[in-house]
Amino acid sequence: MIEMPEALTLARQMHAAFAGHVIVEAEANHSPHKFAFYTGDPATYGARLDGRRVEAVKATGPYVELALDDGMTLLLREGVNARLLDAGAKTPAKHQLLLAFENGARLVCTTAMYGMFLIADTGADDDAYYVAARDCVPVLSDAYDEGRFRALIEAAPASTSAKALLATEQRIPGIGNGVLQDILFNAGINPKTKVHALDDEDTARLFRAMKDTLAAMVEEGGRDVERDLYGNPGGYRCLLSANTWKDGCPVCHGAIERKPYLGGNVYYCPVCQPLP
């Protein structure tokens, strides 16, 4: 799934590959997918996108945002696999979005589990999650300080857990169930810990782990469980993931627990991340 580190990586790569280039052919829903979501009828994407120039590409929380001319924006989110195809490369038989550019390059996108391919026209704010991500203070900016994080905790309902705080209700756009695992492990905090039970030291440690872990993931070009525009895995090796949890805790070497919780599995060490 695209989360902040992957969105930033893909945006950087797409900007280098596509900025300034014109879309000469666009096709959506070539291979119908039950959980591929579009803005309106995907059959209209050709008419809406053909002839548009990519002005810039940036990340907005978990979204990869392609800014097109005339104020149109194409948003990619969730389980979108985006790949760059050079001129002459064979187009995959199945895809949910294909953009061909005047220089021969193509952007081909497929859906893993579910994905979003959304178009926002000038002044249209149809996607509430995008608006929240666009209008928030970016978590890796200097403006997002510990005081802001503490205020977020104070405003959360008493039942809010550490996972719920970080990865639900768009409180911190760009953090999802994937990046969450290493943040909480590095902070030594159990995913089910109620945030109002955290003392000052716990809160400071969680804030620092959030900042440092995200920064490391971005610096390394995303997580190793996801792939970039060229099909390469990210350089950040996840400490806790579906690929590593059976290896045991990287600190105490004890068994890692895997439990379904709040819409996805959480991985944690019961020794290093005890539940109060």
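Preceding this section is the structure that the text describes.
The residue numbering used here restarts from 1 in each chain and proceeds along that chain's sequence as written. Predicted model: local features are reported for residues with pLDDT of at least 70 only, side-chain atom pairs are reported and counted for 80 or more only, and whole-chain, interface and lining totals are derived from all residues. Hydrogens and water are ignored here; the side-chain numbers use all heavy atoms of the structure.

Q: With reference to specific residues and values, describe the pattern of salt bridges.
A: Between Lys or Arg on one side and Asp or Glu on the other, a salt bridge is scored when a side-chain nitrogen of the former is within 4 Å of a carboxyl oxygen of the latter. Inspection of every chain in the model, using the stated rule, returns eleven salt bridges. Linking Arg52 and Asp70 is a salt bridge whose minimum nitrogen-to-oxygen distance equals 3.4 Å. With Arg52 in the loop between α2 (45-49) and β3 (54-60) and Asp70 in the loop between β4 (63-68) and β5 (73-85), this pair connects stretches of sequence that are 18 residues apart. Here Arg52 falls in the buried class, since its relative accessible area comes to 18%. The class for Asp70 is exposed, based on a relative accessible area of 65%. One salt bridge in this structure joins Asp212 and Arg208, with 3.3 Å as the shortest N-O distance. Of the two residues, Asp212 and Arg208 both sit in helix α7 (residues 200-219), four residues apart, roughly one turn of that helix. For the purposes of this entry, the term helix denotes a DSSP run of H or I that reaches at least four residues, the term strand denotes a run of E that reaches at least two, and both are numbered from the N terminus. To sort residues, take the accessible area from a 1.4 Å probe on protein chains only and compare it with the maximum for the residue type: under 20% means buried, over 50% means exposed, and anything in between is partly exposed.

Q: Give a description of the packing of aromatic side chains that names residues and reports values.
A: Pairing of aromatic rings covers Phe, Tyr and Trp, the last through its six-membered ring, and needs centres within 6.5 Å; plane angles under 30 degrees mean stacked, over 60 mean edge-to-face, and all others mean tilted. In the structure shown here, the tally under the stated rule is six aromatic pairs. When the ring of Tyr38 is compared with that of Tyr45, the centres are 5.5 Å apart and the planes differ by 90°; the resulting orientation is edge-to-face. Judged by its relative accessible area of 15%, Tyr38 falls in the buried class. Grouped by ring-pair contacts, the aromatic residues Tyr38, Tyr45 and Phe117 constitute a single cluster. We call a charge positioned above a ring when the Lys NZ or Arg CZ atom is no farther than 6 Å from the ring centre and deviates by at most 35 degrees from the ring normal. If you follow Lys192 out to its NZ or CZ, it ends over the ring of Tyr261, 5.3 Å from the centre.

Q: Describe the state of the cysteines, listing the residues and the values that go with them.
A: Two cysteines joined by a covalent bond between their sulfur atoms form a disulfide. Counting rule for disulfides: a pair of cysteine sulfur atoms within 2.5 Å. Following the criterion strictly, the structure yields zero disulfides and no others. Unpaired in this structure, Cys249 has its nearest cysteine sulfur neighbour in Cys272, at a distance of 3.7 Å. By relative accessible area, which is 2% here, Cys249 ends up buried. Here Cys252 stays unpaired: no disulfide links it, and the sulfur of Cys269, its closest cysteine neighbor, is 3.5 Å away. With a relative accessible area of 32%, Cys252 lands in the partly exposed category.

Q: Tell me about the environment of Pro42, residues and numbers included.
A: Its place among the elements puts Pro42 in the loop between β2 (36-38) and α2. Overall, the relative accessible area of 16% leaves Pro42 in the buried class. Residues Pro42 and Tyr267, spaced 225 residues apart in sequence, show a C-alpha to C-alpha distance of 37 Å. Contacts between residues were defined by any pair of non-hydrogen atoms, one from each residue, lying within 4.5 Å. In contact with Pro42, not counting residues within four places along its chain, are Ala28 and Asn29.

Q: I'd love a proper account of the pairing of β3, names of residues and values included.
A: Pairing between strands is defined by DSSP: at least two bridges between them are needed. Examined bridge by bridge, β3 and β4 share six bridges and lie antiparallel to one another. Counted as the bridge partner of Val57 is Leu66 from β4. Hairpin connection, β3 to β4: the antiparallel pair is bridged by two residues, and Gly61 has positive phi, about 60°.

Q: Report on the nonpolar core, specifying residues and quantitative values.
A: Think of a nonpolar core as a cluster: buried Ala, Val, Leu, Ile, Met, Phe, Trp, Tyr and Cys residues, connected wherever their side-chain atoms sit within 4.5 Å. Formed by 34 residues in total, the largest nonpolar core has its most connected members in Met14, Phe18, Leu76 and Leu107. With six residues, helix α1 (residues 4-18) is the single largest residue contributor to this core. Not counting the four nearest positions on each side in its chain, Phe18 is found in contact with Val54, Leu84, Phe101, Ala105, Arg106, Leu107 and Leu229.

Q: Outline the packing of helix α6 (residues 177-187) against α7, listing residues and values.
A: Each axis is a line fitted through C-alpha atoms, taken for helices only over the stretch in contact, and angles between the N-to-C directions span 0 to 180 degrees. Relative to each other, α6 and α7 sit at 135°, their axes nearing to 8 Å. As summarised for this structure, α6 and α7 are arranged oblique, according to the angle between their axes. Here α6 and α7 pass one another in a crossing that is right-handed. Counting all contacts with α6, which are made through Val179, Asp182, Ile183, Leu184, Asn186 and Ala187, the residues of α7 involved are Arg205, Leu206, Ala209, Met210, Thr213, Leu214 and Met217. Oblique is the label for any angle not covered by the other classes, which are roughly parallel (under 35 degrees), roughly antiparallel (over 145) and roughly perpendicular (65 to 115). Crossing handedness is read from the near helix: turned anticlockwise from the far helix by less than a right angle, it gives a left-handed crossing, and turned clockwise, a right-handed one.

Q: Give me the lowdown on the packing of α1 against α7, citing residues and values where you can.
A: At a minimum axis separation of 9 Å, α1 and α7 run at an interaxial angle of 30°. One finds that α1 runs roughly parallel with respect to α7. Helix-helix and strand crossings are classified by hand; for α1 and α7 the assignment is right-handed. In this structure, α1 contributes Met4, Pro5 and Leu8 to the contact, and α7 contributes Leu214, Met217 and Val218.

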